[in-house]
Amino acid sequence: MLTRQFTETEADDLLRCICFKTGPPRAVGVEVEWLVHDLHDPRLPVEHDRLAAAYASLRALPLRSALTVEPGGQLELSSLPAGSLMECVDSVAADLRAVRTALRARDLTLAGHGQDPWQPPRRFLHEPRYDAMEAHFDRTGPAGRAMMCASASVQVCLDAGYEEPGPLGFGRRWRLAHLLGAVLVAAFANSPWREGERTGWRSSRQAVWADIDPVRSLAPPLDAEPRAAWAAYVLDAPVMCVRCDDGPWDAPQGLTFREWLRSGEPRPATREDLDYHLTTLFPPVRPRGHLELRMIDAQPGEDGWIVPLAVTTALFDDQEAAETAYRAVKSLAERAGSAPAPRNPLWADAARSGLADPELREAAALCFAAALEALPRLGATPEVRAAVVAFTDRHVARGLSPADIPLAPAPGKDTPS
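Residues numbered from 1 in each chain as written. Predicted model: local features only at pLDDT ≥ 70, side-chain atom pairs only at ≥ 80, totals over all residues. Heavy atoms only, no water.

(A) Representation of the overall build of the protein chain. For the protein chain, the helix and strand inventory stands at 16 helices and nine strands. A compact globule built from 417 residues should have a C-alpha radius of gyration of about 22 Å, and the protein chain, at 21 Å, falls within 12% of that. If you line up the protein chain on its principal axes, its C-alpha atoms span 55 × 50 × 40 Å. Relative to its 417 residues, the protein chain shows a buried fraction of 57%. The contacts in the protein chain between residues at least 6 apart in sequence include a share of 76% that link residues at least 24 apart. (Helix = DSSP H or I, 4+ residues; strand = E, 2+ residues; numbered from the N terminus. Rg over C-alpha atoms; globule rule 2.2 N^0.38 Å. Buried < 20%, exposed > 50% of the residue type's maximum accessible area, 1.4 Å probe, protein only. Contact = heavy atoms within 4.5 Å.)

Quick look at the structure:
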């Protein structure tokens, strides 16, 4: 592990350089997380050895997407940056077909829920990173374990946008992401159950994410210049762990990365430590050169993930749709107030009420209509457009989130109660 002292000025300069890489919006990517359940009875816990054997077989598949396993045994496929929406959809869909076939042979299946409806959080991976993460989150309550081990999402990755202002400029896209993000939470809320009980939230996953840590899951201030705001947020966030070659990874409670750089204790912080620190921050929109939108619950059905990917891409990368979406959500800023997402009233209402909230329903209707108009311009196939139409008719037009549709019972079972 490198040990050259890294200065606060170097860290601040680096963060400002790498957070928003500007240019024409071209690339799109998606990260789809899934719970893995027993094929015949999703209420049955899947034993560690059974999951481990299944994942070993998946690693032999010739996938284009990166396949990773989350700490609770959730499965994630992360696409390569694609040059178009359809290139991204086709690549990930082919990989998912291969993964499902392999899992089905072992009587397992991918399940699209934002939060596991039945199983309590339990760790599948025992590694220094996750030991430190669990210990850190346990200081503030049980939400961290629920996030780590029992949640799943659809994360949409889009270019930061142009340096110049305008509908596709990075400053506008950054602000749009945090206002439209609440609409996406509401429209795709799909986690009303947890451990067999209704939680009172359409998106229990979002409620859990908002509660994991006093700082780590919050957005930077939106009234500041984005690069400066992000750099300050990163440096002033608590360090989750100090990596070491021997023994457990730990960090003094409350130590920020800025304080670590200044003090040099418990050892000098390095560039590699900053890179690692960035992977332990979980705001709803994470700038990684591109924008990573992290607020969407995993969706039901084999192809349910395609709808949020298509809608979000259209609303960001088509200039007409981006302008319409921004006008539709701009008024939501007053309701959000000064508190950061996801801990402001707008995001809390989106997670609790979904599209039953009249203002969010109206914004969603305008945004979905704009996305549908834009999708042909982005080269979306009739099948993708039909999926967005079906979701709009079934959910948005009726003020319903996926959470409002009864959970399908296991064969011979009642729904959770």
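From this point, the discussion proceeds with the structure in view.
(B) Local environment of helix α10 (residues 271-278). Along α10, the residues classified as buried are D273, L274, Y276, H277 and L278. Each element contacted by the buried residues of α10 is listed here: α1 (8-18), α4 (128-138), α8 (226-235), α9 (257-263) and β8 (285-288). One side-chain oxygen at the N-terminal end of α10 lies 3.3 Å from the backbone nitrogen of E272; it belongs to T270. (Polar contact = N/O pair within 3.5 Å; in protein donor to acceptor, adjacent residues only side chain to side chain.)

(C) Seen up close, the packing of aromatic side chains. Inspection of every chain in the model, using the stated rule, returns ten aromatic pairs. Over the ring of W34 we find R100; its NZ or CZ atom is 5.0 Å from the centre of that ring. In this structure, R352 packs its charged tip against the face of W201, placed 3.9 Å from the ring centre. (Phe/Tyr/Trp six-rings, centres within 6.5 Å; stacked < 30°, edge-to-face > 60°. Lys NZ or Arg CZ within 6 Å of the ring centre and 35° of its normal.)

(D) Structural detail: the pattern of salt bridges. The final tally for this structure, using the stated rule, is 29 salt bridges. For the salt bridge of R294 with E292, the shortest nitrogen-to-oxygen distance reads 2.9 Å. For the pair R294 and E292, a shared accessibility class is recorded, and that class is buried. Note that E320 is salt-bridged to R377, the shortest N-O span being 4.0 Å. Remark: R377 occurs in the loop between α15 (358-374) and α16 (382-394) and E320 occurs in helix α12 (residues 319-330); sequence separation between them is 57 residues. Exposure remark for E320: the relative accessible area of 53% places this residue in the exposed category. Bridged by salt links that share partners, the residues R123, D131, E134, D138 and R145 form one connected network. (Salt bridge = Lys/Arg side-chain N within 4 Å of Asp/Glu carboxyl O.)

(E) Structural view of unusual backbone geometry. Omega for the peptide link from E265 to P266 comes to 10°, which places this bond in the cis form. With respect to the element layout, P266 can be found in the loop between α9 and α10. Across the junction of A341 and P342, the peptide omega takes the value 0°, indicating a cis bond. Relative to the elements of secondary structure, P342 occurs in the loop between α13 (332-336) and α14 (345-353). Although it is not a glycine, D107 sits at a positive phi angle of roughly 60°.

(F) Representation of the pairing of strand β5 (residues 153-158) within the structure. With six of six residues buried, β5 is to be regarded as a mostly interior element. Strand direction decides the pairing type here: strand β1 (residues 28-38) and β5, joined by five bridges, are antiparallel. Bridged to E31 within β5 is Q155. Pairing geometry for β5 and strand β9 (residues 290-297), over five bridges, is antiparallel. Across the sheet, S153 pairs through a bridge with D297, a residue of β9. (Pairing = 2+ DSSP bridges.)

(G) Geometry of α12. Counted at 1.5 Å a residue, the expected span for α12 with its twelve residues is 16 Å, and the 16 Å between its end C-alpha atoms agrees. Turning to α12, its buried residues are A321, A322, A325, Y326, A328 and V329. Buried positions in α12, seen along its axis, are confined to an arc of 165° and lie on one side of it. When the buried face of α12 is taken as reference, the exposed residues oriented beyond 90 degrees from it are E320, R327 and K330. Tucked inside the fold, the buried residues of α12 contact α6 (170-187), α11 (306-317), α13 and α15. (Expected span 1.5 Å × (residues − 1). Arc of directions from axis to C-beta.)

(H) Geometry of the packing of α6 against α12. Direction vectors running N to C along α6 and α12 enclose 60°, while the axes themselves pass 9 Å from each other. On the basis of their axis angle, the class for α6 and α12 is oblique. Crossing geometry of α6 relative to α12 is assigned as left-handed. Contacts between α6 and α12 involve R172, R175, L176, L179, L180 and V183 on the former and, on the latter, E323, A325, Y326, V329 and K330. (Axes fitted to C-alpha atoms, helices over the stretch in contact; angles between N-to-C directions. Parallel < 35°, antiparallel > 145°, perpendicular 65-115°, else oblique. Left-handed = near helix turned anticlockwise from the far one by under 90°.)

(I) Focus on the side chain of E76. In this fold, E76 is placed in strand β3 (residues 75-78). One buried charged residue, E76, remains without a salt bridge, the closest side chain of opposite sign being R294 at 7.1 Å. In this structure the side chain of E76 is engaged in a polar contact, spanning 3.1 Å, whose partner is the side chain of S78. Residues within four places of E76 in sequence aside, it is in contact with E31, V32, E33, A66, L67, T68 and E70. (Lys, Arg positive; Asp, Glu negative; His and termini not counted.)

(J) Summary view of the state of the cysteines. Tallied over the full model, the rule gives zero disulfides. Looking at C367, it has no disulfide partner, and the nearest cysteine sulfur is the one in C157, 20 Å off. (Disulfide = S-S within 2.5 Å.)

Everything listed here is a matter of geometry and, on its own, says nothing about what the molecule does.
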